Amino acid sequence: MFEAQIEKLNRENENAVSTENYEKRTYTVDEIQDILGIGRNSAYQLVKQNLFRSVRIGGSIRISKKSFDEWLDCQD
């Protein structure tokens, strides 16, 4: 279920940046919220728990796609 949503977001991102020569390496909090089907507060709480790598850039939080995907793959 989560894999399908991740794949959908990845396809959308590929289409949006098809002219660029790089692979997206981060998710936004809104994206992990959509992937997991959870609310905004729950998504921010996951980030605060340091379950995966994230970085604050200005007023935005970016989550490492690799560490998030690895964390998600390990969930039962």
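Residues numbered from 1 in each chain as written. Predicted model: local features only at pLDDT ≥ 70, side-chain atom pairs only at ≥ 80, totals over all residues. Heavy atoms only, no water.

Chemist: Describe the overall build of the protein, and please don't skip the residues or the numbers.
Modeler: Looking only at helices and strands, the protein features four helices and three strands. Going from the N terminus to the C terminus, the protein shows its helices and strands as α-β-α-α-β-β-α. By residue count, 32% of the 76 residues in the protein fall in the buried class. Considering only contacts within the protein whose residues lie at least 6 apart along the sequence, 51% involve residues at least 24 apart. Entry remark: accessible area of the protein is about 5600 Å², with carbon and sulfur atoms responsible for 45%. (Helix = DSSP H or I, 4+ residues; strand = E, 2+ residues; numbered from the N terminus. Buried < 20%, exposed > 50% of the residue type's maximum accessible area, 1.4 Å probe, protein only. Contact = heavy atoms within 4.5 Å. Areas by Shrake-Rupley, 256 points an atom, 1.4 Å probe, with all protein chains shown as cover.)

Chemist: So what's going on with the sheet that holds strand β2 (residues 54–57)? Residues and values would help.
Modeler: If you walk across this open sheet you meet the three strands as β1-β3-β2, and the pairing is antiparallel. Each edge of the open sheet carries a strand with a single partner, namely β1 (26–28) and β2. Strand-to-strand twist of the sheet, defined as the mean angle between neighbouring strand axes without regard to direction, takes the value 35 degrees. Here β2 runs beside strand β3 (residues 60–64); their pairing, made up of four bridges, is antiparallel. Paired with R56 across the bridge in β3 is I61. Contacts from helix α2 (residues 29–36) reach β1 and β3 within the one sheet, and its direction differs from that of β1 by about 85 degrees. (Pairing = 2+ DSSP bridges. Axes fitted to C-alpha atoms, helices over the stretch in contact; angles between N-to-C directions.)

Chemist: Give a detailed account of α2, specifying residues and quantitative values.
Modeler: Where burial is concerned, most of α2 is hidden: six out of the eight residues are buried. One or two positions beyond α2, positive phi appears at G37, with a value near 65 degrees.

Chemist: Can you lay out the nonpolar core for me, pointing to particular residues and giving the numbers?
Modeler: Counting residues in each nonpolar core, the largest one holds 16 residues, and the members touching the most others are I32, I35, F52, I63 and F68. Elements with a contribution of two residues or more to this core: α1 (2–16), α2, α3 (40–48), β3 and α4 (65–73). By residue number, the principal contributor to this core is α2, which donates four residues. Apart from the residues lying within four places of it in its own chain, the contact partners of I35 are F2, Q5, I6, L9, Y27, F68 and L72. (Core = buried A, V, L, I, M, F, W, Y, C linked by side-chain atoms within 4.5 Å.)

Chemist: Run through the side chain of S64, naming residues and quoting values.
Modeler: Of note, S64 is situated in strand β3. Residue classification places S64 among the buried residues on the basis of a relative accessible area of 19%. Within the structure, S64 has its side chain in polar contact with the backbone nitrogen of S67 (distance 3.1 Å). The residues contacting S64, other than those within four sequence positions of it, are R25 and R53. (Polar contact = N/O pair within 3.5 Å; in protein donor to acceptor, adjacent residues only side chain to side chain.)

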